[in-house]
Amino acid sequence: MIGEDELRPPPGTDGRRGWLVYELIGCARHGHLLAGRDAAHIRRQDEMIVRESGGLRWHRCLRCDSWLPLPVPENPAREFCPAPDELDIPPRGKLLRDRYVLRLIALDRLLHFLVLAVLAAGVFVFAHERDALSGPFFRIIDAVQGALGGRTGESGQGMLGELTKAFAARSSTIWIIGGVVACYAVLEGVEAIGLWLARRWAEYLTFVATAVLLVPELYELSHRVSVLKILTLLVNLAVVIYLLFAKRLFGLRGGGRAEEAERERDSGLQALERVQPGGRFRE
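What you see is a predicted model; the values in this text were computed from it and never measured.

Draft legend 1. Highlighting the overall build of the protein. A tally of regular secondary structure across the protein gives nine helices and three strands. Secondary structure elements of the protein, listed N to C terminal, follow the sequence α-β-β-β-α-α-α-α-α-α-α-α. Within the protein, buried positions represent 33% of all 283 residues. Of the contacts formed within the protein by residues at least 6 apart in sequence, a portion of 68% connects residues at least 24 apart. Total accessible area on the protein is roughly 17,200 Å²; 62% of this is exposed by carbon and sulfur atoms.

Draft legend 2. Main features of the pattern of salt bridges. Per the stated rule, a full pass over the model turns up 19 salt bridges. Note that glutamate 52 is salt-bridged to arginine 57, the shortest N-O span being 3.0 Å. The class for arginine 57 is buried, based on a relative accessible area of 0%. The salt bridge partner of glutamate 191 is arginine 109, with a shortest N-O separation of 3.0 Å.

Draft legend 3. Fine view of the confidence of the model for the protein. For the protein, per-residue confidence averages 80 on the pLDDT scale, and residues scoring 70 or more make up 76% of the total. The model gives residues 10–14 a pLDDT under 50, and that stretch makes 12 contacts with residues more than four places away or in other chains. Of the regions scoring below 50 in pLDDT, residues 278–283 engages in 23 contacts with residues more than four places distant in sequence or in other chains.

Draft legend 4. View of unusual backbone geometry. Non-glycine residue alanine 198 carries a positive phi angle of around 60 degrees. Among the structural elements, alanine 198 can be located in the loop between helix 5 (171–196) and helix 6 (200–223). Residue classification places alanine 198 among the partly exposed positions, given a relative accessible area of 25%. Its identity as a non-glycine residue notwithstanding, phenylalanine 250 has a phi of 55 degrees, on the positive side. Owing to a relative accessible area of 52%, phenylalanine 250 belongs among the exposed residues under this scheme.

Draft legend 5. Here's a closer look at the nonpolar core. Leu102, Ile105, Leu195, Phe207, Tyr242 and Leu243 are the most contacted members of the largest nonpolar core, which has 15 residues in total. Secondary structure elements with two or more residues in this core: helix 2 (93–128), helix 6 and helix 7 (227–246). With six residues, the top contributor of residues to this core is helix 7. Residues in contact with leucine 243, not counting those within four places in the same chain, are Leu102, Glu203, Thr206, Phe207, Arg248 and Leu249.

Draft legend 6. Representation of the sheet that holds strand 3 (residues 67–71) within the structure. Ordered by their spatial adjacency, three strands build an open sheet running 1-2-3, and the pairing between neighbours is antiparallel. Whereas interior strands pair on both sides, the edge strands pair on one side only; in this sheet they are strand 1 (50–53) and strand 3. With direction set aside, neighbouring strand axes in the sheet form an average angle of 30 degrees. As judged from the five bridges shared by strand 2 (residues 56–60) and strand 3, these two strands associate in the antiparallel manner. Counted as the bridge partner of leucine 56 is proline 71 from strand 3.

Rules and cut-offs
Residues numbered from 1 in each chain as written. Predicted model: local features only at pLDDT ≥ 70, side-chain atom pairs only at ≥ 80, totals over all residues. Heavy atoms only, no water. Helix = DSSP H or I, 4+ residues; strand = E, 2+ residues; numbered from the N terminus. Buried < 20%, exposed > 50% of the residue type's maximum accessible area, 1.4 Å probe, protein only. Contact = heavy atoms within 4.5 Å. Areas by Shrake-Rupley, 256 points an atom, 1.4 Å probe, with all protein chains shown as cover. Salt bridge = Lys/Arg side-chain N within 4 Å of Asp/Glu carboxyl O. pLDDT = per-residue confidence, 0-100. Core = buried A, V, L, I, M, F, W, Y, C linked by side-chain atoms within 4.5 Å. Pairing = 2+ DSSP bridges. Axes fitted to C-alpha atoms, helices over the stretch in contact; angles between N-to-C directions.

So this is what it looks like as structure tokens:
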């Protein structure tokens, strides 16, 4: 007599999936991660990752829990499946979701780093070659301004007026501005690297740096509203809220201990055992 548990489908085949499964994204990029494909014999203790039925072996993906049928190997390379401590189990669950989200934020910070680095380099070049650049630069901008219908030959008007102020600034001021922009670029680069590697200190650094930037962004919006400013504010607000609540910063929702407990739950053999099916395949 076959019980109901014995007819239960293996994980990944029952259709109970959310609309966004990060494990499946990983398998789409890197392929399914199967263990015991080269084993000569399957033991009962291996049923968590490999099962035999109808002349086929059903291998459980260690990443997404899908079961895939494969033929029995003709020339096995080992006697049995790897032991539990030999399995290379990738991140799963919330741990994997956080990795994707943190790396998305890291890419945003990387873009900031590149833009700021180019800007800082431009400021330093301008500060060093200001005298040599002033003549041709003014002539070019004057011609462009005239082509656009603006006044020419008037250094106090339009783009020429702003450039005149820049060229009239003290060299020390320009170098300081370039230094500030360069430091900000380094900060964004450090955030990007730390978040990509999922370091806890990077989460705090990103939270503080982003929260501080919300003040001038709100000030700018109070004077002039633009689509770009609104989008930037919304992105930074989302980053701050995510880091604060989802990553449990500053002791929120259990703090680092709760975060570490979730990390352990969604990594290693414990992650596989937590979603292990209770039944077996029907022979």
